[in-house]
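# What the coordinates show
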Amino acid sequence: MSQKWRQWNKAATKLLWILVILGIVAALPVAYDRIRTEGTSKNVEMIFDYRDLVQVSAYQGNPQAWINEQLDVLQEAGIHTMAVYQTTLTELANARRITVYSEQDSARLTGKILTENENATYLLFTDADNQAQIEPIIRKAFASQDIAVEDWSLNGRSGLKIATPVQNAVLKTMDPDPVAMKMLEQKGFHLLPRLSNSAVYDQEALASLLDRFKSMGVDRILFDGEEVPGYAEEVDDRHLEDFAQLLNERGIGIAAIENLRGPQRGFDTLAKDTNFNVARLYSLSGRDSSLDPDVIADRFALAAKDRNIRMMFIHTAVQTNTVEGRITDTIENLVESLEGPKGAIQRIENYGFEMGPASSFDVAEMAGQNYFRWVAILGAVALIALLVSVFIPPLTLIAFVLGVIGTAGLYVLRPHLMEQALALLAGISAPTIAMVFAIRKVDRLYETGQSMKVGRRLTHGILLFLRTSAMSLMAVPFIVALLNHVTYQLVLDQFRGVSLLHLAPIALTAFYVLFYRKNSAFGSVGKILRMPVTIAMVLIVAVAGVAGLYYLSRTGNSGSVSSLEMTFRNLLETTVGVRPRTKEFLMGHPLFIVGVFVALKYRHAIYVLIIASIGQLSMVDTFAHIHTPIWISLLRDLIGIGFGIIVGLVFVLIWQIIERCWKKWSPLLARL
């Protein structure tokens, strides 16, 4: 019976490979749909923070003239959108629409005596036109929070008295400054309003505000703060669906800010309810606005090309120049980063984009895509079962059957988890299987490898590297097919298990090298367990642990890089066009080639392939960044393979020099 079971599992392995191939073929139409989707949003929008401009103007001798001058400069530089916020009394004062006084200020101005029973806020309008446009929004904002507002005047100037202390009054938000919006519209700027979540949701007021925005050509809004309008802690108090309806009726989309500390609460639900009318936004902070113009240009260009970002939000900052004894800003530096042949705008246009209001992706989906995905899902389960067959052959059939049952169950209960789990396990399986096959090939060639000439060993190393890379990339179609949803491209959802993907193939490759290269795997384990522990072993484990922690710190979106490496990356980007991953072409790929080259002559060099597996899993991980266009990921891997072969040849040359020097000098050293 056991013999027959082994035969069934052996035959099942061949069938599983057929399912894997069918799954890869079925995934290709799904990948094509994603490529079509990625090509539907080609406009890149440059946005400047108008609030920053108003704040900087407070340091100028003639604020309004300075603002007008800077608006012309920014428009000429290629910025055609201004972000406007729900205003506050402080911002209206900075814009010279009003003058704000506290109770103490009012007492000094009017000569009245302070009382214990009153602590109000007082304001005067700077002119009649400002009063006509600003007074209604002030009254509306404070009335919505049951704060009394009454007329007040001083020396013939009209104003208001607000029944709350100034410290509280300046925190209240109201509709965006209508004077500023009208002026910006007349200057030809497109507007991007920023809305925050108010304590009391007012559907009618929001509808009126959105109607005003729509009449001014607004087609997208950005949220300010940690919550979107309509969100509430209690589910019964939420109005996200109502707010989404207002947006949909007016054809207004929303913007998703990249790399926030935490997602804006309610954004995911709102994005879904607006049929994912979402564009991704990169924000350049005021602190970063003083960076070298080339660095800023790189950030904008790479955001558009590599991360599907279509909105560039630009802040400026006030700087104190102690040498010249004056207050400056970063606007001139920002303009330099945008203009010229090496500026951000020209580089973005060179990548095939156009400058203009950003649009959301138009999701492409051919007829029958779901059927293709199910074939790909079956192929992914087969690939995972093949990984099991590498280590425990008798469980091949059981692994596949249980995989099919588990996949069906998860699809019913938690389909999202099913897609994530299969994508992760397929991503682990392919590079691991590829490395195991490479190790087996090296072991088979070892006996004849000692008599091989250098050229033949090198040829084996390169060809085996190419074959292994092709096998590792088998995981890519499955990841693309399983995670083909616009939420991943918009980074509303992300591929989970990055750390496991970066560790599991290395660990499994090491496990195979240590325990599966002898006739008896248990004998090898026992031998290792009986080995005495030495200080050298402890040091090796410690070094490996530190190296592993550093390696993990470099993975994922939060991975850190040094300034030197960042400079090197930028050099690659500007010279090659698409930056390959350094862990591939400087470490994993060259070590694979030189490892095979040396292992064909010296058996123990096979351990180098454990480290070399980093290059294989990294190629798969490149495609796990769903927000990166497929063609960018493909080019990144192909360029990495090409560079890896070149660096691998250098590694082989270095090894040959070391080997020959050792043969020449080791007899002399032995006599000493």
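It should be noted that the structure appears before, not after, this text.
Residues numbered from 1 in each chain as written. Predicted model: local features only at pLDDT ≥ 70, side-chain atom pairs only at ≥ 80, totals over all residues. Heavy atoms only, no water.

Let us look at the sheet that holds strand β3 (residues 98–101). Strands sit in the order β3-β4-β6-β5 across an open sheet of four strands; the sheet is antiparallel. Unpaired on one side and paired on the other, β3 and β5 (149–154) mark the two borders of the sheet. Each strand of the sheet is rotated relative to its neighbour by a mean of 30°, with strand direction disregarded. Two elements, strand β4 (residues 121–125) and strand β6 (residues 157–162), share four bridges in a ladder whose sense is antiparallel. Bridging across to β6, Thr-121 finds its partner in Ile-162. (Pairing = 2+ DSSP bridges. Helix = DSSP H or I, 4+ residues; strand = E, 2+ residues; numbered from the N terminus. Axes fitted to C-alpha atoms, helices over the stretch in contact; angles between N-to-C directions.)

Let's shift gears to the nonpolar core. Within the largest apolar cluster, 76 residues are counted, with the highest numbers of intra-cluster contacts made by Phe-478, Phe-592 and Leu-609. By residue number, the principal contributor to this core is helix α17 (residues 415–449), which donates 15 residues. Non-local contacts of Leu-609, meaning those with residues more than four positions away in its chain, are made with Met-435, Ile-439, Val-442, Thr-509, Phe-592 and Val-596. Counting residues in each nonpolar core, the second largest holds 71 residues, with Leu-247, Ile-252, Ala-301 and Ala-304 among its members. (Core = buried A, V, L, I, M, F, W, Y, C linked by side-chain atoms within 4.5 Å. Buried < 20%, exposed > 50% of the residue type's maximum accessible area, 1.4 Å probe, protein only. Contact = heavy atoms within 4.5 Å.)

For β5 and β6, the ladder comprises six bridges, and the chain directions are antiparallel. By the bridge assignment for β6, Asp-151 is matched with Leu-160. Hairpin remark: β5 followed by β6, antiparallel, with two residues in the connecting loop; positive phi at Asn-155, about 55°.

Along the chain, Gln-369 turns up in helix α15 (residues 369–391). A polar atom in the side chain of Gln-369 sits 3.5 Å from the side chain of Asn-484. Other than its neighbours up to four places away in sequence, Gln-369 contacts Val-30, Asp-33, Ala-364 and Asn-484. (Polar contact = N/O pair within 3.5 Å; in protein donor to acceptor, adjacent residues only side chain to side chain.)

It is worth spelling out helix α13 (residues 331–338) at this point. Taken across its eight residues, α13 has six buried, putting it largely inside the fold. For α13, the set of buried residues is Ile-331, Asn-333, Leu-334, Val-335, Ser-337 and Leu-338. Positive phi shows up at Gly-340, right after α13, with a value of about 90°.

Our focus in this paragraph is the packing of helix α9 (residues 203–215) against helix α10 (residues 240–250). At their nearest, the axes of α9 and α10 sit 10 Å apart, and the two run at 25° to each other. Of the possible angle classes, the one that applies to α9 and α10 is roughly parallel. For the crossing formed where α9 meets α10, the hand is right-handed. For the pair α9 and α10, contact is made by Gln-203, Leu-206, Ala-207, Leu-210, Asp-211 and Lys-214 and by Asp-242, Phe-243, Leu-246, Leu-247 and Arg-250, respectively. Residues belonging to the contact of α9 with α10 are distributed by class as follows: six nonpolar, one polar and four charged. (Parallel < 35°, antiparallel > 145°, perpendicular 65-115°, else oblique. Left-handed = near helix turned anticlockwise from the far one by under 90°. Nonpolar A, V, L, I, M, F, W, Y, C, P; charged D, E, K, R; others polar.)

Unusually for a residue other than glycine, Asn-259 sits at a positive phi of about 60°. Mapped onto the elements of the fold, Asn-259 is located in the loop between β10 (253–257) and α11 (267–273). On the accessibility criterion, Asn-259 (67% relative accessible area) is exposed. Here the phi dihedral of Phe-276 falls at roughly 55°; this positive angle occurs in a residue that is not glycine. Turning to its location among the elements, Phe-276 is positioned in the loop between α11 and β11 (278–284).

Our focus in this paragraph is the pairing of β10. Regular strands have side chains that alternate between both faces of the sheet. Of all five residues in β10, five are buried; the element is thus mostly enclosed. Here strand β9 (residues 220–223) pairs with β10 via two bridges, running parallel. By the bridge assignment, Ile-221 is partnered in β10 with Ile-254. Assessed by its sense of winding, the connection that carries the chain from β9 through α10 to β10 is right-handed. Two strands pair when backbone bridges link them, and β10 and β11 are joined in this way by four bridges, in the parallel orientation. Bridged to Ala-255 within β11 is Ala-279. (Right-handed = clockwise from strand over helix to strand, strands pointing away.)

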